[in-house]
Amino acid sequence: MTDAYCSDCKKYTEVVLDHAAGDTVCSECGLVLESHSIDETSEWRTFANESADNDPVRVGGPANPLLTDGGLSTVIAKPNGTTGEFLSSSLGRWQNRGSNPDRGLIQAFKTIATMSDRLGLVATIKDRANEIYKRVEDQKSSRGRNQDALLAACLYIACRQEDKPRTVKEICSVANGATKKEIGRAKEYIVKQLGLENGRSVEMGAIHAADFMRRFCSNIGMNNQAVKAAQEAVQKSEEFDIRRSPISIAATVIYIITHLSDDKKPLRDISVATGVAEGTIKNVYKDLCPHISKIVPSWYAQEEDLKNLSSP
């Protein structure tokens, strides 16, 4: 019970809540303080047809502005799960005859959502990928192209535009069989189509080695101190003219930082965790070697430690 002010008792008294009638009643004099009140708490009753379904949700999904009907169209359920009887009924025949113009989009959005979930991406990136695919699809020029590669490329571009880039290898790992080459071609095609639509080049967002550092460090199991040193080192590396891909620089910095600590990581493990070839890490190390003393934080390693650092 809670307390409320009673006008008859002229004081705060305990009240009784009658949920069935929606009344709030004073426990001392019986005065109805409030009637027909609305209960705004969660409702845990289930309105599902099946007795085994305990889902208390009684509303549909949110509206999707990218779909023609907002994603709020009605679908007639199959009675008792019997597909044969449903398809032979008049309702089933009429529903199958009615073509849904958004059927392809809905399936594409589901695929993008699945890939996003497997990569652990936030909802804003998924929504951006959906929007990119819708714009490409509206141009009616993607027919005959690899659908899986197109969807993966949309997700790659969305990650870039939301400043949460993923490597092509990471996108490829969830792309339902699409290869890196196919995703690359699809990306160039999408950028070209969107550029024609807007009349100007598409902003993809710059990639920095620091964008990948925390995730790579987590993949390889580095401690917090090493992660902090790696992040500082990779930011310092941008001050030098090192003409290598940001992903390769991030992988090489991880090699340097881990080999300056007691918890040294094998080159093969770093290659697997970052998706960068061992040979590439060795070549980038040669470019970073002249600047190591300025890149590695002084609080993490002494000058003598840097001299004893072995090359991969």
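Residues numbered from 1 in each chain as written. Predicted model: local features only at pLDDT ≥ 70, side-chain atom pairs only at ≥ 80, totals over all residues. Heavy atoms only, no water.

- In the nomenclature of an unreviewed UniProt entry, the chain corresponds to TFIIB-type domain-containing protein from the organism Trapa natans.
- What the UniProt record of the chain gives under Subcellular location (unreviewed entry) is the line "Nucleus".
- If you open the UniProt record of the chain and go to Sequence similarities (unreviewed entry), you find "Belongs to the TFIIB family." (UniProt positions renumbered as here; feature names shortened; annotations may be inferred.)

**Quick word on the environment of Cys6**
For step 1, the next point in the chain: Within the secondary structure layout, Cys6 lies in strand β1 (residues 2-6).
For step 2, the next point in the chain: For the pair Cys6 and Glu28, spaced 22 residues apart in the sequence, the C-alpha separation amounts to 9.2 Å.
For step 3, the next point in the chain: Discounting chain neighbours no more than four positions away, the residues touching Cys6 are Lys11, Thr13, Cys26, Cys29, Leu31 and Leu33. (Helix = DSSP H or I, 4+ residues; strand = E, 2+ residues; numbered from the N terminus. Contact = heavy atoms within 4.5 Å.)

**Some details on the UniProt feature "domain: TFIIB-type" (unreviewed entry) in the chain**
For step 1, the next point in the chain: UniProt tags residues 2-34 as "domain: TFIIB-type" (unreviewed entry).
For step 2, the next point in the chain: Secondary structure across residues 2-34 comprises 0% helix and 61% strand; the distance between its end C-alpha atoms is 13 Å.

**Overview of the state of the cysteines**
For step 1, the next point in the chain: The final tally for this structure, using the stated rule, is zero disulfides.
For step 2, the next point in the chain: Take Cys26: it sits in no disulfide, and the sulfur closest to it among the cysteines is that of Cys29, at 3.7 Å. (Disulfide = S-S within 2.5 Å.)

**Things to note about the nonpolar core**
For step 1, the next point in the chain: In terms of nonpolar packing, the biggest core is built from 39 residues, with Met222, Val253, Ile256, Ile257 and Val296 touching the most fellow members.
For step 2, the next point in the chain: Of all the secondary structure elements, the ones that give two or more residues to this core are α8 (210-220), α9 (224-237), α10 (246-259), α11 (267-274), α12 (278-288) and α13 (292-295).
For step 3, the next point in the chain: Once residues lying within four places of it in the same chain are set aside, the contact partners of Ile257 are Met222, Ala226, Ala229, Ala230, Ala233, Val296 and Tyr300.
For step 4, the next point in the chain: Leu105, Ile132, Cys154 and Ala175 belong to the second largest nonpolar core, which has 35 residues in total. (Core = buried A, V, L, I, M, F, W, Y, C linked by side-chain atoms within 4.5 Å. Buried < 20%, exposed > 50% of the residue type's maximum accessible area, 1.4 Å probe, protein only.)

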